[in-house]
Every structure is written in C-alpha cells, then in structure tokens.
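Single-letter residue listing:
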Amino acid sequence: GYEALLKQVFQNIISNGIKYFDKNKESYVKVSFELLDSSVLISISDNGIGIANENIESIFQPFKRVSNNKEIEGLGIGLDTCKMIINDMGKDLEVESELGMGTTFRFEIPLK
C-alpha cells in the first residue's frame, strides 16, 4: 500500500542528491539496504555539498530551503513530505551530513 509513497521518497531524496552536487568532485548517489528482523533499513548517500549542522532540522520544515542558490529549483517541500510518509509508517527519517562532504538519509520500511 505504500508503493507510490515510497517511490516519492526515493525520488525526492535521490533528486536532492543530484541537485546539490559538488562541482569540484565526481558526484555519486548510493542507495543501499540492510534486511532487519521486521523491516528493511534503507540508506541513501551522496557526496554533495552537505548540510551545515545548524540547518539539519530545518530541512524538514515545509517551504524552508537552506541553500540560497537560486539556480537550484525547488519549493522546499520534498524532504518534509518524505518525513511525513516515513513517520506515517511508524518510522523516522534520519539524516547525517557534513558541510562539503555529503549527506546520508536513513529510514526503515516495515516488512508486512
């Protein structure tokens, strides 16, 4: 029942990894998974521009963009939508990032 919603989560996170690439290095977006007892742990990592620690929580606020780069399109609702979808599954969308080093998003999908 979550197929269309999960597709949106993957599209939003992967497209952000592509949009916020670092022009000074070869870019990648890596998707990996780990099978747990009752869920699958998904990790989506990139080596893009990263997010400053003080902006991590604000990336999940609707219409809040932490990048001032006007050349990068977006409304600032993609990650908020992703967090709501994952929260509706009873799980959480976690993020680790370091400015200039990239970002990793992690979330679990319950097995049913």
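Up top is the structure these notes are about.
These numbers were taken from a predicted model, which means no experiment stands behind them.

1. Section: the overall build of the protein chain
Reasoning step 1: Scanning the protein chain from terminus to terminus reveals two helices and four strands.
Reasoning step 2: Listing every helix and strand of the protein chain by position from the N terminus yields α-β-β-α-β-β.
Reasoning step 3: For the protein chain, buried positions account for 39% of its 112 residues.
Reasoning step 4: Within the protein chain, residue pairs in contact and separated by at least 24 positions form 58% of the contacts whose partners lie at least 6 positions apart.
Reasoning step 5: Total accessible area on the protein chain stands at roughly 7300 Å², and carbon and sulfur atoms take up 51% of it.

2. Observations regarding the side chain of S43
Reasoning step 1: Mapped onto the elements, S43 comes out in strand β2 (residues 39-46).
Reasoning step 2: Given a relative accessible area of 12%, S43 falls into the buried group.
Reasoning step 3: Setting aside residues no more than four positions away along its own chain, S43 makes contact with K30, V31, S32, T104, F105 and R106.

3. Focus: helix α2 (residues 78-88)
Reasoning step 1: Buried residues of α2: L79, D80, T81, C82, K83, I85 and I86, and no others.
Reasoning step 2: Where α2 is buried, its residues contact α1 (3-19) and β4 (102-110).
Reasoning step 3: Once α2 ends, the next one or two residues include G90, with phi positive near 85 degrees.

4. A few points about the packing of α1 against α2
Each pair of packed helices can be summarised by the angle the axes make with each other and by the distance between the axes.
Reasoning step 1: The geometry of α1 relative to α2 is characterised by a closest axis approach of 9 Å and an angle of 145 degrees between their N-to-C directions. Seen from above, α1 lies across α2 with left-handed handedness. In contact with L5, L6, Q8, V9, N12, I13 and N16 of α1, α2 contributes G78, L79, T81, C82, I85 and I86.
Reasoning step 2: Here the residues of the contact of α1 with α2 sort into eight nonpolar, five polar and no charged.

5. Regarding the pattern of salt bridges
Reasoning step 1: Taken as a whole and assessed by the stated rule, the structure comprises four salt bridges.
Reasoning step 2: In this structure, K25 and D22 form a salt bridge, with 3.9 Å as the shortest nitrogen-oxygen distance.
Reasoning step 3: The exposure class assigned to K25 is partly exposed, which follows from its relative accessible area of 31%.
Reasoning step 4: Under the relative-accessibility criterion, D22 is labelled buried at 14%.
Reasoning step 5: For E96, the salt bridge is made with R106, and the minimal N-O distance between the two is 3.0 Å.

6. A word on the nonpolar core
Reasoning step 1: Among the nonpolar cores identified, the biggest contains 20 residues, and V9, I13, I59, F60, L93, F105 and F107 are the most heavily contacted of them.
Reasoning step 2: If you list the elements that add at least two residues to this core, you get α1, β2, α2 and β4.
Reasoning step 3: Here this core takes four residues from α2, the largest share from any one element.

7. A short note on the sheet that holds strand β1 (residues 29-35)
Reasoning step 1: Spatially, β1-β2-β4-β3 is the arrangement adopted by the four strands of the open sheet, whose pairing is antiparallel. Each edge of the open sheet is held by one strand with a lone partner, namely β1 and β3 (94-98). Between one strand axis and the next, the sheet turns through 15 degrees on average, direction left out of account.
Reasoning step 2: Where β2 lies against β4, eight bridges are found, and the strand directions are antiparallel. For V40, the partnering residue across the bridge sits in β4 and is I109.
Reasoning step 3: Helix-sheet contacts for α1 involve β1, β2 and β4, and the interaxial angle to β4 is about 170 degrees.

The rules behind each value
- Residues numbered from 1 in each chain as written.
- Predicted model: local features only at pLDDT ≥ 70, side-chain atom pairs only at ≥ 80, totals over all residues.
- Heavy atoms only, no water.
- Helix = DSSP H or I, 4+ residues; strand = E, 2+ residues; numbered from the N terminus.
- Buried < 20%, exposed > 50% of the residue type's maximum accessible area, 1.4 Å probe, protein only.
- Contact = heavy atoms within 4.5 Å.
- Areas by Shrake-Rupley, 256 points an atom, 1.4 Å probe, with all protein chains shown as cover.
- Axes fitted to C-alpha atoms, helices over the stretch in contact; angles between N-to-C directions.
- Left-handed = near helix turned anticlockwise from the far one by under 90°.
- Nonpolar A, V, L, I, M, F, W, Y, C, P; charged D, E, K, R; others polar.
- Salt bridge = Lys/Arg side-chain N within 4 Å of Asp/Glu carboxyl O.
- Core = buried A, V, L, I, M, F, W, Y, C linked by side-chain atoms within 4.5 Å.
- Pairing = 2+ DSSP bridges.

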